[in-house]
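Structural overview for review
Each chain, letter by letter, is given below.
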Amino acid sequence: MTALTVTAARKSYGAVPALADVDLSVPAGELAAVLGPSGCGKTTLLRCIAGLERLDAGEIRVAGSLVAGARTHVPAHRRRVALVPQEGALFPHLTAAGNVEYGLDRAGRRSGRADEVLALVGLDGYQRRMPHELSGGQQQRVALARALAPRPQLILLDEPFSALDAGLRASLRQDVRAALRADGATAVLVTHDQAEALSLADHVVVMRDGKVVQDGPPTGVYAAPVDPWVARFVGDAILLPGVVRDGRAHTAAGEAALHGGTGDAANRPVTVLLRPEQVRLTPVEAPAAGEATARVLRHNFHGHDSLTVVRLEDGTELQSRRLNDGAMVGLGSAVRVSIHGPVLAWHADEVSL
Ligand SMILES: Nc1ncnc2c1ncn2[C@@H]1O[C@H](COP(=O)(O)OP(=O)(O)OP(=O)(O)O)[C@@H](O)[C@H]1O
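Residues numbered from 1 in each chain as written. Predicted model: local features only at pLDDT ≥ 70, side-chain atom pairs only at ≥ 80, totals over all residues.

Describing the sheet that holds strand E2 (residues 16–27)
Spatially, five strands are ordered E2-E1-E4-E5-E6 in an open sheet, and the strand pairing comes out antiparallel. Where the open sheet ends on each side, the last strands, each with one partner, are E2 and strand E6 (72–73). (Pairing = 2+ DSSP bridges. Helix = DSSP H or I, 4+ residues; strand = E, 2+ residues; numbered from the N terminus.)

Laid out in structure tokens, this is it:
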């Protein structure tokens, strides 16, 4: 069953089109992440689904029921949609359990549902704590438990981890994912953090300027972005000029098999996408005559991995990502560059960078 369907949704603020024909569909039990830069319309989309804003045109259905359409605007409190804001906004005078029970009817309160959802978010034993006695991460867990408690058709999460520090964010993300799954909830998460979207979601919806530009599983969006803009938005991208010959892309960094895109016509200039993990460097003691080599410019250390920046003889700079296993090629050394795995290519005259 489809828990949420958004069809041709439009919403403008004066002359600013915040949503321009947005289509979106989320199957029951899935987590969709809406990913896009600041101002692309993510929050507007969430607020229209929640019923806090009216659409100018289009339709929204929750579990098959029309909640927004040409002559329909079901008020927020009757949509069975829960919204978890950026900072949990707990009632400061209620305990954790009191906050969770707030949206439950008397039967719900008696059923032990509050204890159940607090356990689900890892806060068993915290029932009597007041919000000011909880950390930021714990407060967000209570906010999620409060959203889950009445078993809404849909949970909307508006950048729920943005106020937390990096380590806490990573662990809370996975716990939130697990709690949503364990409760069978359907959720839409809004974020501008590509790592968050890729690591959490069943499918990622990329938005730009009020439009959905790509919608697919995280692996698909990362491996086969529809254009260079999406490629760069969802990860580190190296875009190189090249040509296609014999079904392979030829670039200054070497050649590679084609993985798709529109770069399959022979001898046309293309823009080739490489991910830094596809760029392999091999130290060269003494380059053979005519052998193309690169020089190591710098290492950007990221803890678990490093990005090594090299400069090819034609001046092109490339990044190579590798796990930190102790060995690092010295700065200034010569390296041979090769491309690992297939690459995407777009006809150079068809892409706007
Ligand atoms: N109440 C409003 N009045 C006028 N313009 C608005 C209003 N709300 C949003 N906008 C405009 O609509 C566009 C989309 O805004 P929205 O908040 O949906 O973007 P967003 O992707 O959520 O951005 P962010 O990540 O910064 O929160 C922006 O250009 C914004 O300035």
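What about the pairing of strand E3 (residues 31–35)?
Of all five residues making up E3, five are buried, and the element is well covered by its neighbours. Burial along E3 is two-sided: the face carrying Leu31, Ala33 and Leu35 and the face carrying Ala32 and Val34 are both buried. Alignment of E3 against strand E9 (residues 187–191), held across five bridges, turns out to be parallel. Within the sheet, the bridge partner assigned to valine 34 lies in E9 and is valine 190. Pairing geometry for E3 and strand E10 (residues 203–208), over four bridges, is parallel. Considered in E10, the bridge of alanine 33 is made with valine 204. (Buried ≥ 20, exposed ≤ 12 C-beta atoms within 10 Å, placed from the backbone.)

Observations concerning the site of the ligand
Near the ligand, the surroundings consist of Tyr13, Val16, Ala18, Gly36, Ser38, Gly39, Cys40, Gly41, Lys42, Thr43, Thr44 and His192. Only E2 and helix H1 (42–50) provide two or more residues apiece to the shell around the ligand. At three residues, the largest contribution of residues to the shell around the ligand is made by H1. A per-class count over the shell around the ligand returns four nonpolar, seven polar and one charged. (Near = placed C-beta within 6 Å. Nonpolar A, V, L, I, M, F, W, Y, C, P; charged D, E, K, R; others polar.)

A word on the environment of alanine 163
Structurally, alanine 163 is set in the loop between strand E8 (154–158) and helix H6 (166–182). On the neighbour-count criterion, alanine 163 (15 C-beta atoms within 10 Å) is partly exposed. With residues near it in sequence (within four places) discarded, alanine 163 still touches Gln86, Glu87 and Gly136. (Contact = placed C-beta atoms within 7 Å.)

Things to note about unusual backbone geometry
Positioned with a positive phi, aspartate 209 is a non-glycine residue whose angle comes to about 50°. Positive phi, normally seen in glycine, also occurs at aspartate 246, with a value near 55°. The topology assignment puts aspartate 246 in the loop between strand E12 (238–245) and strand E13 (248–251). Judged by the 8 C-beta atoms lying within 10 Å of it, aspartate 246 is exposed.

Quick notes on the sheet that holds E8
The strands that make up a sheet pair up through hydrogen bonds in the backbone, lying either parallel or antiparallel. If you walk across this open sheet you meet the six strands as E7-E8-E9-E3-E10-E11, and the pairing is mixed. Every other strand in the sheet has two partners, leaving strand E7 (81–84) and strand E11 (211–216) as the edge strands with one partner each. Strand after strand, the sheet turns through a mean of 20° between neighbouring axes, direction not considered. (Axes fitted to C-alpha atoms, helices over the stretch in contact; angles between N-to-C directions.)

Quick look at H6
Under the 1.5 Å per step criterion, the end-to-end length of H6 is 25 Å for 17 residues, consistent within 8% with the ideal 24 Å. Within the sequence span of H6, burial applies to Leu172, Arg173, Val176 and Leu180. Down the axis of H6, the smallest arc covering the buried residues is 115°, so these residues share one side. For H6, exposure combined with an orientation more than 90 degrees from the buried face picks out Gly167, Ser171 and Gln174. Next to the buried residues of H6 lie E3, helix H5 (136–148), E9 and helix H7 (194–200). Following H6 by one or two positions, glycine 184 adopts a phi angle in the positive range, close to 70°. (Expected span 1.5 Å × (residues − 1). Arc of directions from axis to C-beta.)

Looking at the nonpolar core
Membership of the largest hydrophobic core comes to 91 residues, with the highest contact counts inside it found for Ala33, Ile49, Ala145, Ile155, Leu156, Val188 and Val205. Per element, the largest residue contribution to this core is six residues, and it comes from H5. Both of domain 1 (2–231) and domain 2 (237–350) provide at least three residues apiece to this core. Apart from the residues lying within four places of it in its own chain, the contact partners of isoleucine 155 are Ala82, Val84, Ala147, Leu148, Ala185 and Ala187. (Core = buried A, V, L, I, M, F, W, Y, C linked by C-beta atoms within 7 Å. Domains from an automatic or database assignment.)

Looking at the domain arrangement of the protein
Splitting the protein by domain gives domain 1 (2–231) and domain 2 (237–350). Measuring from the centre of the C-alpha atoms in domain 1 to the corresponding centre in domain 2 gives 39 Å. The partner domain 2 presents seven residues to the four residues of domain 1 that form the contact. Broken down by class, the residue content of the side of domain 1 that touches domain 2 amounts to three nonpolar, no polar and one charged.

Description of the environment of alanine 256
Positionally, alanine 256 belongs in strand E14 (residues 254–261). Separated by 87 residues in sequence, alanine 256 and valine 343 have C-alpha atoms that sit 6.4 Å apart. In this structure, alanine 256 is in contact with Arg248, Ala249, Ile339, Pro342 and Val343, ignoring residues within four places of it in sequence.

So, the pairing of strand E18 (residues 305–312)
With seven bridges connecting them, strand E17 (residues 294–301) and E18 associate as antiparallel partners. Bridge pairing links phenylalanine 301 to serine 306 in E18. From the end of E17 to the start of E18, which pair antiparallel, there are three residues, and glycine 303 there has a positive phi angle of about 85°. Strand direction decides the pairing type here: E18 and strand E19 (residues 317–323), joined by seven bridges, are antiparallel. By the bridge assignment, valine 310 is partnered in E19 with leucine 318. Hairpin connection between E18 and E19: a loop of four residues separates the two successive antiparallel strands, and glycine 315 in this loop has a positive phi of roughly 95°.

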